[in-house]
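If you want the building blocks of each chain, they are given just below.
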Amino acid sequence: WGVRACPVGTACLDAVPAPFYDYFQFDHFGWALLNLFIAMTGDGWTQFQYWTQEGFSQLMWIYWIVFMISMNFIGANMVLAVVIGKFSEQKDKALADAEAHRVRVLSADPDDAEARRGACFR
């Protein structure tokens, strides 16, 4: 599978630890997601590309280029859309709470200073 061949007179073993202190591996779904998330942030994705090229195929650069373009443009925009949506929900809730507070203060008895004072802090 790999690009590198074992030198003459040596034996290739399957028990070679994975790069990056054995963290960079796609043997487990969780590790694969973690590695793809790290690459998506742009933190050392080129090293990941070189490791997969050495371990699998020289054509892995195509996968990494497509992955980085799609994650940086599409993935980042999806995350931003979720964050902006949550902020919008909180804004609508705050406006509704402020309107309810205004109605409660305006409908209170003008002579009841205690109710008006307490309503300001609810």
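Residue positions are given per chain, counting from 1 as you read along its sequence in written order. Local features are withheld for residues below a pLDDT of 70 in this predicted model, meaning they are given only at 70 or higher, and side-chain atom pairs are given and counted only at 80 or more; totals for whole chains, interfaces and linings count all residues. As a rule here, side-chain values cover all heavy atoms of the structure and leave hydrogens and water aside.

### Some words on a nonpolar patch on the surface
Worth spelling out the cut-off: Residues form patches when they are more than 30% accessible in relative terms and have no salt bridge. Like charges link within 9 Å. Nonpolar side chains (Val, Leu, Ile, Met, Phe, Trp, Tyr) link within 5 Å. Exposure was quantified through the Shrake-Rupley algorithm and a 1.4 Å probe, taking into account, for residues, occlusion by the shown protein chains and nothing else. Definition used for salt bridges: Asp or Glu carboxyl oxygen within 4 Å of a side-chain nitrogen of Lys or Arg. Segments assigned H or I by DSSP are reported as helices when at least four residues long, segments assigned E as strands when at least two residues long, and all are numbered from the N terminus.
Together, Leu 59, Trp 61, Ile 62, Ile 65, Val 66, Ile 69, Phe 73, Ile 74 and Met 78 make up a nonpolar patch on the protein surface, roughly 920 Å² of accessible area in all. With respect to the helices, strands and loops of the structure, Leu 59 is situated in the loop between α2 (45-55) and α3 (60-107).

### Focus on the packing of aromatic side chains
One pair of aromatic rings is described through two measures. These are the centre distance and the angle between the planes. Note the cut-off: Stacked, tilted and edge-to-face pairs are distinguished by plane angle, under 30 degrees for stacked and over 60 for edge-to-face with tilted covering the rest, among Phe, Tyr and Trp rings (Trp via its six-membered ring) whose centres lie within 6.5 Å. Buried means the residue's accessible area, taken with a 1.4 Å probe over protein chains only, is under 20% of the maximum for its type, while exposed means over 50%, and partly exposed covers the values in between.
With the rule as written, the count across this model stands at five aromatic pairs. With 6.4 Å between their ring centres and 50° between their planes, Phe 48 and Trp 64 make a pair best called tilted. Pair noted here: Phe 48 is in helix α2 and Trp 64 is in helix α3, with a separation of 16 residues, a long-range link. A relative accessible area of 4% means that Phe 48 is categorised as buried.

### Considering the packing of helix α1 (residues 29-40) against α3
Spelled out, the test is: Each axis is a line fitted through C-alpha atoms, taken for helices only over the stretch in contact, and angles between the N-to-C directions span 0 to 180 degrees. Here the angle decides the label: under 35 degrees means roughly parallel, over 145 means roughly antiparallel, 65 to 115 means roughly perpendicular, and every other value means oblique. Two residues form a contact once any of their heavy atoms are found within 4.5 Å. Side-chain classes are defined by residue name, with Ala, Val, Leu, Ile, Met, Phe, Trp, Tyr, Cys and Pro counting as nonpolar, Asp, Glu, Lys and Arg as charged, and the others, Gly among them, as polar.
Contact pair α1 / α3: the axes reach a minimum separation of 10 Å and the direction vectors enclose 70°. Between α1 and α3, the angle is such that the two are roughly perpendicular. Seen from α1, the contacting residues are Leu 36, Ala 39 and Met 40; seen from α3, they are Tyr 63, Trp 64, Phe 67, Met 68, Met 71 and Asn 72. For the contact of α1 with α3, the per-class residue count stands at eight nonpolar, one polar and no charged.

### Regarding the environment of Phe 37
Here Phe 37 is to be found in helix α1. Each C-alpha atom of the pair Phe 37 and Met 71 lies 9.4 Å from the other, and the pair is 34 residues apart in sequence.

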